[in-house]
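Architecture and fold: a report
Here is what each chain is made of, one letter per residue.
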Amino acid sequence: MSSHSFTPRLTLHDLRKLAATRKLAMLTCYDAGFAATLDAAGVDLILIGDSLGMVVQGHDSTLPVTVEHVAYHTACVARGAARPWIVADMPFGSFQASPEQAYGNAVRLMQAGSQMVKIEGGAEMAPTVEFLVRRGIPVCAHVGLTPQHVNVFGGYRVQGRGADAVNRLQAAAQSLQDAGAAMMVIEAVPEPVARGLAQSLQLITIGIGASAACTGQVLVLHDMLGAGTGRRPRFVKSFMAGADSIEAAVRAYVADVQAARFPGPEHVYAETPAA
Ligand code: KIV
C-alpha cells in the first residue's frame, strides 16, 4: 500500500455542495509555485486566464495570447495545485470560428491539465457551449465585460447599463445556461443587474466587479497582491495590506470571499455612473 498522502481534486459536484454552505474563492494563476501557495491557502478554483497576456507577457490586451501559451501555463499550474478545480481560458480566435474549432482547442487545454474551459461571449456562443458539453468538456461562460471584445466596446467599460443592455445580458446568460454551461463569470456589471443574474441562474456564478450575491468571486492574482502599476479597476482590492506573506494575503482573500465580506460596496458598480 502506498504511504503517499493524496489530495483529491475538487469536482463540480464538490463545488456545488460547498456553495450550499459558503462562497467559493477563485484566483487566476499561471505557474506551479503560486499554484501550490493558492492550494495551501484554501483557494477552491484556479483560472489560467488569458489575462496572462497582460500581467505575465506585458501586452496591453489579452488578444495576443495563444492556445499554446494557455496550455503551457495550465500544465505548470496543474503540477503545482492538487485540490483546486482548474479552469483554462480559451484565448481570442481559438473558439469563435466554429464549434469544431473550439472543440479541438478545448481538448488541447483539457489534455494540458484543466478540468473546464472558459469562453467569453453572449448568446452567439450557446451552440458552441452545447457542442463542447455534449462531448465531455465542462464550460464556464463569461459575460458582461469580456476583455476579448475591448475593441468593440471601445475600452474596458462596465456593461449591462440601460434596459436594452440588461435584457441582452439576461437573455445571453439564460441561453448559455440552457446550453449546458456549469459556471459563469460575470464581469463589470452593475451590482443590481449582477445580483439579479446570480439569483435567477442555477449554475455557479463567479463575480468580478459584479455582486457579493454571486456563488463565488475571482480576481487576477497580480491585482490582489498589489503587483504592477497603472490604473486599478474599482473591483480590485490588494490583500497584501497587513499580510506578512503572499500565502497570508491569499488566506485573507479566501476568508473574505467565503464570508461574503468581499466584494464590499466600494468594489461594485452602481446602476448608473456617479455624476
Ligand atoms: O483572463 C482572466 O484573468 C479573466 C478573469 C479576469 C475572469 O478572464
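That block above? That's the structure.
To keep things clear, this report deals only with the structure shown in the data block. (Residues numbered from 1 in each chain as written. Predicted model: local features only at pLDDT ≥ 70, side-chain atom pairs only at ≥ 80, totals over all residues. Heavy atoms only, no water.)

Re the nonpolar core
Core analysis: the biggest nonpolar cluster contains 89 residues, and Met183 and Tyr253 have the highest contact counts within it. Discounting residues that sit within four places of it in the chain, Tyr253 has contacts with Ala25, Met26, Leu27, Gln217, Val218, Leu219, Met224, Phe239 and Phe262. (Core = buried A, V, L, I, M, F, W, Y, C linked by side-chain atoms within 4.5 Å. Buried < 20%, exposed > 50% of the residue type's maximum accessible area, 1.4 Å probe, protein only. Contact = heavy atoms within 4.5 Å.)

Describing the site of the ligand
Surrounding the ligand, one finds Thr28, Leu47, Gly49, Asp50, Ser51, Asp89, Lys118, His142, Val185, Ile208, Val218 and Val220. Within the side chain of Asp89, one N or O atom sits 3.1 Å away from an oxygen atom of the ligand. At a separation of 3.0 Å, an oxygen atom of the ligand approaches a polar side-chain atom of Lys118. Here the ligand has 260 Å² of accessible area as a free molecule, and 96% of this is covered by the chains. In the shell around the ligand, the residues fall into 5 nonpolar, 4 polar and 3 charged. (Near = heavy atom within 4 Å. Polar contact = N/O pair within 3.5 Å; in protein donor to acceptor, adjacent residues only side chain to side chain. Areas by Shrake-Rupley, 256 points an atom, 1.4 Å probe, with all protein chains shown as cover. Nonpolar A, V, L, I, M, F, W, Y, C, P; charged D, E, K, R; others polar.)

Examining unusual backbone geometry
Here the amide bond leading from Phe262 into Pro263 is cis, since omega sits at 5 degrees, within 30 degrees of zero. Relative to the elements of secondary structure, Pro263 occurs in the segment after helix H11 (246–258). Of note in this structure, Ala188 is not a glycine but carries a positive phi near 50 degrees. Among the residues examined, Ala188 registers a relative accessible area of 1% and is labelled buried. (Helix = DSSP H or I, 4+ residues; strand = E, 2+ residues; numbered from the N terminus.)

Observations regarding the side chain of Gln148
Examined against the element boundaries, Gln148 turns out to sit in the loop between strand S5 (139–144) and helix H7 (150–153). Here the side chain of Gln148 touches Met90 through a polar contact of 3.1 Å, landing on its backbone oxygen. Setting aside its immediate chain neighbours within four residues, Gln148 contacts Asp50, Thr62, Leu63, Met90, Pro91, Phe92, Phe95, Gln96 and Glu120.

What to know about the environment of Ala249
Turning to its location among the elements, Ala249 is positioned in helix H11. By relative accessible area, which is 0% here, Ala249 ends up buried. Measuring from C-alpha to C-alpha, the distance between Ala249 and Leu38 comes to 10.0 Å, with 211 residues separating the pair along the chain. With residues near it in sequence (within four places) discarded, Ala249 still touches Met224, Leu225, Phe239, Met240 and Ala243.

Here we look at the packing of helix H4 (residues 67–80) against helix H5 (residues 99–112)
In a packed pair of helices, the relevant descriptors are the angle between the two axes and the axis-to-axis distance. Relative orientation of the contacting elements H4 and H5 amounts to 25 degrees, with a least axis distance of 8 Å. In terms of orientation, H4 and H5 fall into the roughly parallel class. In this structure, H4 crosses over H5, and the sense of that crossing is right-handed. Here Val67, Glu68, Val70, Ala71, Thr74, Ala75 and Ala78 of H4 lie close against H5, whose contacting residues are Asn105, Arg108, Leu109 and Ala112. (Axes fitted to C-alpha atoms, helices over the stretch in contact; angles between N-to-C directions. Parallel < 35°, antiparallel > 145°, perpendicular 65-115°, else oblique. Left-handed = near helix turned anticlockwise from the far one by under 90°.)

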